Amino acid sequence: MNLLTAQTAIAGIIFVTFLWGSWFQTVKHLGKFPVHAFISIMYAISVVIVWLAIGILGNKMIPQGIFYELKKNPSLMLAVWGCGIVFGIAMQLHLTVVKRIGLILSTSVSATCSILGGTIVSVLFAGVPEGVSVPLLFFASFLLILATIICQYAGVCRDTDKYQRSQKDNHSRVSDILLLAFINLILMSSYPLANSIGIRSSLNPNGFSSLTCMGILVIGACIGSSLFTLILLQRNHGCYNKSDLSPHLLKLLALALIAAICHFGGNVLHAVFAPVVSIAIATAIGNSYHCWSYLWGLVYGEFKGARKRTYGILFSGILLFIAGVILLSINSV
């Protein structure tokens, strides 16, 4: 493997983590507009973005054509498509919980579960290239999990510094935490699974090109998200005021466009860079996007009023995120 190419890929994946850790900040600006409806709009725009990229870059990246690839391996196409449907539903559930309990706590739980699930799935289904230490890979993943635990403790200290929650609030929070654990450990693993089985690499020569895999995945995500939205809108039809469903159109589309570029634009970039350093390494580095969530949580004032000791604990966790990414980078080159 060319060292410069690997370094470039790692830099690209780190940039993707910023995109992934930033896109759902748009949810904070929706007002009363339903989160699930916004996510479906975002995925619809994502379909357009990804397939425009396929139309523009397809001849260079897919010499035989995307439909030739799909026709050659229909079972793999259905598997990736199914992963996309599950991923779209999982993202809907995840963002709904995030809006209820805040970025800091939700990221602590989701990061721990997604790092564990994503690493295991990518190692089992994608494998690791020769020369990459599997124990070191899991140790780096452990550092990322430890980082989330420390940051979560910082969130507990933040709550103690600012206010005391009622027993009812605590019960509600426990339920949300258990839901987040299921979403990120089980449902969210559909994304690394799709990458592991769907993207062609030296360890998976029968996979699709990166663009083909993302083209299938985004359609599945859009379908899963839209079905989820239709069901909720039908069930909660009487709960929404007309003003809730009719925000400023340009603002809504702008937010959805930003989210789509960061989310699935990031997915496309990750799919392009991942085979260079292996899917397993790229998945582990990609999970460091949670660090950006903590930083955005600070920007949005979730730690306002906390003591200096609490800030120190939080930044210790962030430093562990950085250490884990550095270790993974060294392990891949």
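Conventions used here
- Residues numbered from 1 in each chain as written.
- Predicted model: local features only at pLDDT ≥ 70, side-chain atom pairs only at ≥ 80, totals over all residues.
- Heavy atoms only, no water.
- Patch = residues over 30% accessible without salt bridge, like charges linked within 9 Å, V, L, I, M, F, W, Y side chains within 5 Å.
- Areas by Shrake-Rupley, 256 points an atom, 1.4 Å probe, with all protein chains shown as cover.
- Salt bridge = Lys/Arg side-chain N within 4 Å of Asp/Glu carboxyl O.
- Helix = DSSP H or I, 4+ residues; strand = E, 2+ residues; numbered from the N terminus.
- pLDDT = per-residue confidence, 0-100.
- Contact = heavy atoms within 4.5 Å.
- 1 Å grid on protein atoms, 1.4 Å probe; cavity = no way out; pocket = protein on both sides within 12 Å on 5 of 7 lines; lining within 4 Å.
- Points joined across faces, edges and corners; volume = space filled by probe spheres on them.
- Nonpolar A, V, L, I, M, F, W, Y, C, P; charged D, E, K, R; others polar.
- Expected span 1.5 Å × (residues − 1).
- Bend = angle between axes of the 7 residues up to and from the residue.

Q: Explain a nonpolar patch on the surface here, please?
A: Taken together, the side chains of Leu 116, Ile 120, Leu 124, Phe 125, Phe 138, Phe 182, Leu 185 and Ile 186 define a hydrophobic patch exposed on the protein surface, amounting to about 740 Å² of accessible area. Breaking the nonpolar patch down by element, the ones donating at least two residues are α5 (103-126) and α7 (167-187). The element contributing the most residues to the nonpolar patch is α5, with 4 residues.

Q: Can you walk me through the confidence of the model for the protein chain in this structure?
A: Low pLDDT means the predicted atomic positions in that stretch should not be read closely. Per-residue pLDDT for the protein chain averages 83, and the proportion of residues at 70 or more is 88%. Predicted confidence in the protein chain is weakest over α7, with a mean pLDDT of 71, and strongest over helix α8 (residues 190-198), with 94. Here residues 165-171 is a poorly scored stretch, pLDDT under 50, and it has 3 contacts once near neighbours within four places are set aside; other chains count.

Q: I would appreciate a short explanation of empty space enclosed by the protein in the present structure.
A: Gaps left between atoms are located by rolling a probe of water-molecule size over the structure's atoms. On inspection of all chains with the given rule, the structure shows 2 cavities of 30 Å³ or more. What the largest cavity holds in volume is close to 360 Å³. Around the largest cavity, the lining is made up of 23 residues, and of these Trp 20, Phe 87, Tyr 191, Asn 287 and Tyr 289 lie nearest the centre. Secondary-structure elements contributing two or more residues to the lining of the largest cavity are α4 (74-101), α5, α8, α10 (249-277) and α11 (279-286).

Q: Quick question: what am I supposed to make of the layout of surface pockets here?
A: Approximately 220 Å³ is the volume found for the largest pocket. Of all the elements, helix α3 (residues 66-72) adds the most residues to the lining of the largest pocket, at 3 residues. Of the residues assigned to the lining of the largest pocket, the class counts are 6 nonpolar, 4 polar and 3 charged. Roughly 160 Å³ of internal volume is contained in the second largest pocket. Along its surface, the second largest pocket is lined by Ile 14, Thr 17, Ser 288, Cys 291, Trp 292, Leu 295, Phe 321, Ile 322, Val 325 and Ile 326. Among the secondary structure elements, those contributing two or more residues to the lining of the second largest pocket are α1 (3-22), α12 (290-299) and α13 (308-332).

Q: Whenever I open this one, α10 confuses me. Can you help?
A: Because an α-helix packs 3.6 residues into every turn, residues spaced three or four apart end up facing the same way. A rise of 1.5 Å per residue sets the reference length of α10, with its 29 residues, at 42 Å; its end C-alpha atoms lie 41 Å apart and thus fit the reference within 8%. Along α10, the sharpest change in direction is near 25° and occurs at Ala 271; proline Pro 275 comes one to four residues later. In the stretch just after α10, Ser 278 is the one whose phi turns positive, near 95°.

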